[in-house]
Amino acid sequence: MVIDMGYEIHAEQGWVNRGNLYRMKKLMQRAKTGDRMTLAFLGGSITQGSVSTQYTNCYAYLVYDWFVRRFPKTAFTYVNAGVGGTTSQFGVARVDEDVLLYKPDFVVIEFSVNDEDTDFYKETYEGLVRKVYGNAYEPAVLLVHNICYDTGISAEHKHREIGTYYNLPSVSMKTTIYPEVLSGAIPNRQITPDDLHPNSDGHALVAEVITDFLDKVYTQMMEEEEPASMPQPLTANAYEQAGRYQNHNSDPVCDGFTADHTLKKYVNDMFRCGWTAKDKNASISFEVEGTEIAVQYRKSVKLPAPVAVAIVDEDEDNAIELDANFDETWGDCLYITTVAHHIANGIHKVEIRLKETHENDAVPFYLVSVIGAYSPVS
């Protein structure tokens, strides 16, 4: 397959797991006759479209455009739920409000360069896959695996274990674009400025890998296929029921923390609906149900910033530091610190307390949310 840049990739090698195509075929059958459908894309900065010249050049929009052109009788709604610098741990906590609220017919999940290739992210990714695939509206799900073009690092190995186990179609840039970069056939700076984020040409290549898969499904969409059933979890699956505690859905005890009621305008307008504090010893306390607890806060490039601690069940000796000072320059970071993992299920007290402030703090401490989760399987 040749793209406009003149570079050739073997897009047919990108379909790394065929998966069960029952839902994908039904989606296309409906689209061919004319319907109303919602296409949703959930992931990190690549899905968001970072460094593409405009939003219509990102891979997600190009895939949406493939559907629009292929099925002109159907009215498609495009939902881009990409948020830069975030993992499937956050994805599973926000997917209800950012994706499933729209009753999607088709969902792309893309977190392989955001997650680490560890069992922890294998579990958070499984929770996300189960929540989306198990949704009552039964969307067709496609797993997309991107890669770092200098190191080859990604979480694809762990993510593909989940995709194979759930028999979901998966496509990979590791088997298509990356070999051409390694060989020098595609100079890396022609498709990415930093070996992570594709530029517009790189997004076009990612989209080609995905639409090559869609083209192949299209040619066989009338062939019969039996629906797949949901298997038992592969991991401890403590994240399928993850949710966020923010100021619109919780009532924490505040001492020096103030709720931020600024209107959230778009999906990646993330420093909203939380709480701020600037004075030493200011505290905020939640009752969180579950076995998994994480604190989500702003790491700021404007220095200095306060430093807080998270204390679970009044265990001061094992307080976990939440340092709001960010040592990068690309922008404020929506940071997650896991403060409890696989603890006893139940109601837990979570206190966030400022332990260090400065007279010249550039910004207050911003608590975005507390994330709680538990396994639905006892």
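Heads up: the structure comes first, above all this text.
Caption draft 1: Seen up close, the overall build of the chain. Across its full length, the chain carries 9 helices and 17 strands. Rg of the C-alpha trace for the chain: 21 Å, near the compact-globule value of 21 Å for 378 residues, within the 12% margin. On the principal axes, the C-alpha backbone points of the chain span a range of 65 × 45 × 35 Å. Counting the 378 residues in the chain, one finds 56% classified as buried. Sequence-distant contacts in the chain: of pairs separated by 6 or more residues, those separated by 24 or more amount to 82%. As presented, the chain carries roughly 16,300 Å² of accessible surface, and 46% of it is formed by carbon and sulfur atoms. Taking the average location of the 32 positive side-chain charges in the chain and that of its 54 negative ones, the two points are 6 Å from each other.

Caption draft 2: Structural detail: the sheet that holds strand E8 (residues 253-255). One open sheet accounts for 5 strands, arranged E8-E11-E16-E13-E14; its pairing is antiparallel. Whereas interior strands pair on both sides, the edge strands pair on one side only; in this sheet they are E8 and strand E14 (320-323). Here the strands of the sheet are splayed against their neighbours by 25° on average, with no regard to which way each runs. Relative to E14, strand E13 (residues 307-312) is paired through 4 bridges, and the arrangement is antiparallel. Bridge assignment links Val 307 to a residue of E14, and that residue is Asp 323.

Caption draft 3: Spotlight on helix H6 (residues 156-165). Burial in H6 covers these residues: Glu 156, Lys 158, His 159, Ile 162 and Gly 163. Take H6 and look down its axis: the buried residues cluster within an arc of 165°, on one side only. Looking at the buried side of H6, the elements it contacts are strand E1 (15-17), helix H5 (119-133), strand E5 (140-145) and strand E6 (170-172). The positive-phi residue at the C-terminal boundary of H6 is Asn 167, with phi of around 55°.

Caption draft 4: Focus on the nonpolar core. With 46 residues, the main nonpolar core has Tyr 59, Phe 67, Phe 106 and Ile 177 as its most contacted residues. Of all the elements in the fold, those that place two or more residues in this core are helix H1 (22-33), strand E2 (36-43), helix H3 (59-70), strand E4 (106-110), E5, helix H7 (177-183) and helix H9 (200-219). Top contributing element to this core by residue count: H9, with 8 residues. Those residues in contact with Tyr 59 that sit more than four places away from it in its chain are Phe 41, Ile 46, Thr 47, Val 108, Glu 110, His 203, Val 206, Ala 207 and Ile 210. Formed by 38 residues, the second largest nonpolar core is a distinct cluster that contains Ala 40, Phe 90, Val 92 and Tyr 121.

Caption draft 5: Spotlight on the layout of surface pockets. In this model, the largest pocket occupies a volume close to 910 Å³. Surrounding the largest pocket, 28 residues form its lining, Gly 84, Gly 85, Thr 86, Trp 330 and Cys 333 being those nearest its centre. Contributing elements (two or more residues each) for the lining of the largest pocket: helix H2 (45-48), helix H4 (88-98) and strand E15 (333-340). Classifying every residue of the lining of the largest pocket by side-chain character gives 14 nonpolar, 11 polar and 3 charged.

Caption draft 6: Local environment of the pattern of salt bridges. Applying the stated criterion across every chain, the model contains 20 salt bridges. Linked through salt bridges whose partners overlap, the residues forming this network are Arg 18, Lys 25 and Glu 225.

Here is what the cut-offs are and how they apply
Residues numbered from 1 in each chain as written. Predicted model: local features only at pLDDT ≥ 70, side-chain atom pairs only at ≥ 80, totals over all residues. Heavy atoms only, no water. Helix = DSSP H or I, 4+ residues; strand = E, 2+ residues; numbered from the N terminus. Rg over C-alpha atoms; globule rule 2.2 N^0.38 Å. Buried < 20%, exposed > 50% of the residue type's maximum accessible area, 1.4 Å probe, protein only. Contact = heavy atoms within 4.5 Å. Areas by Shrake-Rupley, 256 points an atom, 1.4 Å probe, with all protein chains shown as cover. Lys, Arg positive; Asp, Glu negative; His and termini not counted. Charge placed at Lys NZ, Arg CZ, Asp CG, Glu CD. Pairing = 2+ DSSP bridges. Axes fitted to C-alpha atoms, helices over the stretch in contact; angles between N-to-C directions. Arc of directions from axis to C-beta. Core = buried A, V, L, I, M, F, W, Y, C linked by side-chain atoms within 4.5 Å. 1 Å grid on protein atoms, 1.4 Å probe; cavity = no way out; pocket = protein on both sides within 12 Å on 5 of 7 lines; lining within 4 Å. Points joined across faces, edges and corners; volume = space filled by probe spheres on them. Nonpolar A, V, L, I, M, F, W, Y, C, P; charged D, E, K, R; others polar. Salt bridge = Lys/Arg side-chain N within 4 Å of Asp/Glu carboxyl O.

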